[in-house]
Amino acid sequence: MEIKILGGGCPKCERLQAVTQDVVNELGIDATFIKVKSMPEIMAYDVMTTPALVVDEKVLSSGRIPSHEEIRTWLQDMV
């Protein structure tokens with residue numbers, strides 16, 4: 001599974017990665033994390049607000065930090 005965190009590296013971006021990493025560890029998912037900081041690359045996902053969470057090229061959220069439970073549900077549905 002490829003997980004991308006879209007954003008400039010702000011504290012919210014770091015928090016999104018931390019929460020997502022916790023869920024990945026909890027579920028025992030083999031995942032690769034990629035930080036996308038380039039504005040043209042972020043815009044390619046049609047994301048206007050960051051942080052954004054992209055899993056296997058599907059935008060799951062943008063502009064907020066989803067709850068642990070939300071991320072867990074999304075990732076379980078994708079495995």
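Attention here is on the structure that accompanies the text. The structure presented is a predicted model; accordingly, all values stated were derived computationally and were not measured. Throughout, residues of each chain are indexed from 1 in the direction in which the sequence is written. Only residues with pLDDT of at least 70 get local features here, since the model is predicted, and only at 80 or more are side-chain atom pairs given and counted; chain-wide, interface and lining totals rely on the full set of residues. The basis for every side-chain value is the complete set of non-hydrogen atoms in the structure, without hydrogens or water.

Let us look at the sheet that holds strand β2 (residues 32–36). The four strands are arranged β2-β1-β3-β4 in an open sheet whose pairing can be described as mixed. Looking at which strands have only one partner, the edges of the open sheet turn out to be β2 and β4 (58–62). Neighbour-to-neighbour, the strand axes of the sheet open up by a mean angle of 20°, direction not taken into account. Pairing analysis gives four bridges linking strand β3 (residues 52–55) to β4, with the strands arranged antiparallel. Residue pairing across strands places L53 opposite S61, the latter belonging to β4. Think of it this way: DSSP has to see at least two bridges between two strands before they count as a pair. In this text, helices come from DSSP runs of H or I with a minimum length of four residues, and strands from runs of E with a minimum of two, each type numbered from the N-terminal end. Every axis in this analysis is a line fitted to C-alpha atoms, fitted for helices over the stretch in contact. Angles between the N-to-C directions lie between 0 and 180 degrees.

For the rest of this paragraph, the subject is the environment of T73. Among the secondary structure elements, T73 is positioned in helix α3 (residues 68–78). On a C-alpha basis, the gap between T73 and V23 in space is 9.6 Å, while along the polypeptide they are 50 residues apart.

As a further point, take empty space enclosed by the protein. In the cavity and pocket records, a cavity denotes points on a 1 Å grid over the protein atoms alone where a 1.4 Å probe fits but cannot get out, a pocket denotes an open set with protein on both sides within 12 Å along at least 5 of 7 lines, and lining residues are residues with an atom within 4 Å of a point. Grid points are joined across faces, edges and corners, and a volume is the space filled by probe spheres set on the points. Enumeration over the complete set of coordinates arrives at one cavity of 30 Å³ or more. Of the residues forming the lining of the largest cavity, the biggest block, three residues, is contributed by helix α1 (residues 11–27).

In this section: the pairing of β2. In the case of a regular strand, side chains alternate between the two sheet surfaces. Across five bridges, the pairing between strand β1 (residues 2–6) and β2 is parallel. Across the sheet, the residue bridging to I5 is K35, located in β2. As for the winding sense of the linkage, the β-α-β connection from β1 through α1 to β2 is right-handed. A clockwise path from the first strand over the helix to the second, with the strands pointing away from the viewer, defines a right-handed crossover.

Turning next to the pattern of salt bridges. By convention in these notes, a salt bridge is any Lys or Arg side-chain nitrogen within 4 Å of a carboxyl oxygen on Asp or Glu. Taken as a whole and assessed by the stated rule, the structure comprises five salt bridges. Two residues, K35 and E14, come together in a salt bridge whose shortest N-O distance is 3.3 Å. Linking K35 in strand β2 with E14 in helix α1, this pair joins segments that are 21 residues apart in sequence. Residue E26 pairs with R72 through a salt bridge whose shortest N-O separation is 1.9 Å. Of the two residues, E26 sits in helix α1 while R72 sits in helix α3, which places them 46 residues apart along the sequence. Judged by its relative accessible area of 44%, E26 is partly exposed. Under the relative-accessibility criterion, R72 is labelled partly exposed at 27%. Ionic contacts of the salt-bridge type, sharing partners, join the residues E2, K4 and E57 into one network. Buried, partly exposed and exposed residues are distinguished by accessible area as a fraction of the type maximum, computed with a 1.4 Å probe on protein chains only: under 20%, between the cut-offs, and over 50%, respectively.

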